[in-house]
Every structure is written in C-alpha cells, then in structure tokens.
Amino acid sequence: MKFRHKVLMVNIIIIAITLSLSGYFIMSRQNRLMMDAQIKNAVIENNLMESVIEYSLLEVINDPKKYVGSELPEIADRVTAGMLSSDTELFLGYDGQLLFGSNKKDSIPVRLLTKDPESGRKRYEVSEEKKGDYVYVITSIYVEEKEIAIITKRNITDTKDIINSNINMFRYFIVVILFISGFMVYILSLLLTRPLEKLNRVTDEFAEGNFDTRSKVRSRDEIGLLSEKFNHMADSVEDHIDELNDMIHRRDQFVADFTHEIKTPMTTIIGYADTIRSVELPRETEVKAANYIFSEGKRLEQMSQHLFDLIYLKDGTIPKQPVNTQALGDAVVDTMLPSIENAGLSLEADFENDTITGDSSLLKTVFVNLLDNARKATATALESEKDKERVIHFTGKVLTGDKSSDKKGYQIIVEDHGIGIAKEDIDRICDEFYMVDKSRSRQEGGAGLGMSLVSVILKEHGATLDIESELGVGTRMIVTFPETNE
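Everything in this summary refers to the structure shown in the same document. Everything numeric in this text was worked out from a predicted model, so none of it was measured.

### Some points on a positive patch on the surface
A cluster of basic residues, Arg194, Lys198, Arg201, Lys216 and Arg218, forms a positive patch on the protein surface. In this structure, Arg201 sits in helix α3 (residues 157–207).

Structure representation (structure tokens):
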C-alpha cells in the first residue's frame, strides 16, 4: 500500500471517529432536550387535569347524594371538552377499572390503571406503539380509600420523527463530510508525497547506475532535508566509485606497463642467450652479448626491488627515528659521487646540521633517485651543448619563521642544469612506469619506478615534493619536511 493511501485511510478513520463521537454527544443532548420538553409538557397537562378533577371531586364528596364512580365520567368529559389539547387524550381509572376515555376508539395498557408499588404518586412512561409514539403520565389519588388513576396520553410522534430525521441527516452529513474531507486529504497527501515519489524515482535511477542523477531540493522540511542527505550520499558514492574506477584504471595500466617493461629486457636476454648457446661467436662479440644480458638482468633486479619497496610502503608501516641531516647528505654523496664523476660532472653539497624524523635508508633512496635523475638530465644536455654547466647542487637548510629561533621545517634541494622537464610531464612524473625519455631511461637501466617510489616514501614521511623546471635550462627538486624534531 502506498504511503498516500495510508495517510488517506488514517485521516478518514480519525475524521469519522471524531465526527461520530462529537455528533453522537450533540445529537444525544439535543434529542434528550426535545424529549424532556415533551415529557415536561405532558406532566404539566396531567397536573392541570389532576387539579381540575380534584376540585370537582370536592363537590361530589361533600354531597352525600352523589357517588364518585358515577360522577367521574361527567367530570372527565367536561375537562376534556374545555382543557384538553388535540395531541393529548385523557383516561380515568377507578378502583383498577377503566372508567373513562376521551377517545372511544383508543385504549391504554391495563397495567397503568394499577399503581406501581415502587413508584411514587406520579409517574410517566414513553411508549412506542403501532400508531405512533406516546408519553403516558399517571397520577394516583385516593377518594374513599379507592384509587383514581388520572392518565394523560400525549402524542409525541412528530417529535420522534424530527429526532429520527435529524439522525438520518447527521448520517448523510457524515458521509458527505467524509467524502469531501477524504478527497481533500488525498489531494494534500498527493502533493505532500510527490517529492517522496520523485526521490524514489531518483533512487531507482541511481541504483540502475546513473550516478549523475540528483534530487531537486525545493523545500526546507524533513523531505527537503532527506533529499539533501540523499544528494550528499550520492556525491560520496560517486566519489568512491570514481576512486575505484581510477584505481582499477591505474591497476590495469600498471599491469600493462609492467608487462611491457619486463618484455623488453626478457626479449634481449633470451635473444643474446640463444645466440651464445647456438652460435660460435668471437670472444669480443660473446663478451658484448654477455654484457647486454648482465645489464638487462640488473635492470630487472632493480625493477623488482623498486616494486617490492612500493608494495611494502603502500601496505606496511615505516618505523621512524631521528635522522641527522648532515649524516644523511654525506651518505647520499658517498653513494652517488662515483657515478656523477664518471659522467664528467661535479657535485656540490652543503647541508645545515639538523634532525628530522624518518627512516634513513628510505630517505637515502629518495635523494639517490633524485641525484641520479639530475645526473642523467645533465649528461643528456651535455650531448647537445658542450658548454653546459656541469655542476649538480645538493643542499639542505633549516626553514625559519619571522624569528630566526622559530623553526618551520627542513628543506633539501637537488638542482641541475640539464634538459629540463615539460609541464605536462611534471604532472605525471610520479606515476608508475612513467618515463620522460623512454629510450634513454632504458639505456640507463631505468624502469620508470624511481619517482613513484620517491613520491610514496615522502608521503609516508609527511614531506612534500615541489618541482620547478624549464626546458633547456634545468630542474629544481625541492623536498620539504614540515617539522624538525631535536
């Protein structure tokens, strides 16, 4: 059952119960008042009849020649002719017998002629008969130790008809009111629940995969708040789905790039190994082939090590401890100086003494990769420009605030005067397997994982990497550690 139908049914039931109860009490009170008025008039008439008859009986009692039983019909006849209304009939009973009736064709129940021991001197009864509805008022008086029953019979059929007509009208009124109110409640519930139906349709579309759909919020009530919550949920779900799609895309791209990177050295290794195995080669050619096999094997080894480090850093936790910046700089210089000098370059290092928190071996990996990239970029630039500056700068300094005593962190910069990096390459340089110059990187034994590893390590240390570069001029790699721990 739809919500609007439930609202309709509940409201109709409430309205019906409210109208019925209120109408019942109002109608009951009105009907009671009408009946009380008729009974009161009937009692007044009976009292009047009683007074006149008692006064007339005084003459009969005082005259010994007259007999009460014989004089009563004459007295009742005079009263009927002069005082009785058209809606009332008079009956007289004497000693348990009906002595007089104003309507010869009508009668009364015999039980009314005898006094009820439990009742008082005067009583009344409301009776429904075939001819109509009547009020009987009975007064008992005693003359010469015999009971005289003065009975008036008042016709209240018109009053009862009015009461029944009012009841029927009230029933008709309730039906009409319920129909009108039901129609109005249905229209109102339709208008009130329309936003819920729209939200329901939007939810169905969203469930079917249309993640761009949103609910249009047009009110500030609970339904509007629900729509806002739905839109907020939809935004969150869409963001998560985009993240998952991006993760899946990057995973697929990673697998494709990794497969491609492995295929190249494996093809070289298999080709040269097969040549050495199947053909008798001169010693010089054999050594050359073995060198190719060795260099490609080393590249595979380096690639696997970088992949292992990436997986470990993404899934594991790095234990951190204080690291002296000068000691870190010296260790990196000791590692990279031979390869830099072999390339005909020089390295200028200058580190301010300070302490940062991290893993010294991983931080060393970061700056070895950055210096190695600087070496490759500078060597490449020298091939086309012989007068190019051959110095690579490797510096570290303490960042201070407005006051020299306020430390803001530590910054390490690797600067070269090499070929530079294009802006579109800077945005992607930290992606796995991305290489600015693929052919030269492979010749150098690279696999495009170095900068990805650098990015992950720095992220785990809470450090940032900023790249400033211009094609043909050079590159500055700026690593900033936000806090300095003494």
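Back to the write-up after that little detour.
### Topic: unusual backbone geometry
In the Ramachandran plot, Asp95 falls in the positive-phi region, its phi being about 55° despite a non-glycine side chain. Residue placement: Asp95 occurs in the loop between β1 (88–94) and β2 (97–101). Of the residues examined, Asp95 reaches a relative accessible area of 47% and is grouped as partly exposed.

### A few points about the pairing of strand β5 (residues 146–155)
Of all the 10 residues making up β5, 8 are buried; the element is thus mostly covered by neighbouring parts of the structure. Alignment of β1 against β5, held across 7 bridges, turns out to be antiparallel. Pairing of Leu90 across the sheet is with Thr152, part of β5. In the sheet, strand β4 (residues 133–143) pairs with β5 via 10 bridges, with the strands oriented antiparallel. Residue Val137 lies in a different strand from β5, and its bridge partner there is Thr152.

### Some remarks on the environment of Asp274
In this structure, Asp274 sits in helix α4 (residues 222–278). Within the structure, Asp274 has its side chain in polar contact with the side chain of Arg277 (distance 2.6 Å).

Definitions and cut-offs
Residues numbered from 1 in each chain as written. Predicted model: local features only at pLDDT ≥ 70, side-chain atom pairs only at ≥ 80, totals over all residues. Heavy atoms only, no water. Patch = residues over 30% accessible without salt bridge, like charges linked within 9 Å, V, L, I, M, F, W, Y side chains within 5 Å. Areas by Shrake-Rupley, 256 points an atom, 1.4 Å probe, with all protein chains shown as cover. Salt bridge = Lys/Arg side-chain N within 4 Å of Asp/Glu carboxyl O. Lys, Arg positive; Asp, Glu negative; His and termini not counted. Charge placed at Lys NZ, Arg CZ, Asp CG, Glu CD. Helix = DSSP H or I, 4+ residues; strand = E, 2+ residues; numbered from the N terminus. Buried < 20%, exposed > 50% of the residue type's maximum accessible area, 1.4 Å probe, protein only. Pairing = 2+ DSSP bridges. Polar contact = N/O pair within 3.5 Å; in protein donor to acceptor, adjacent residues only side chain to side chain.

By themselves these figures say nothing about function.
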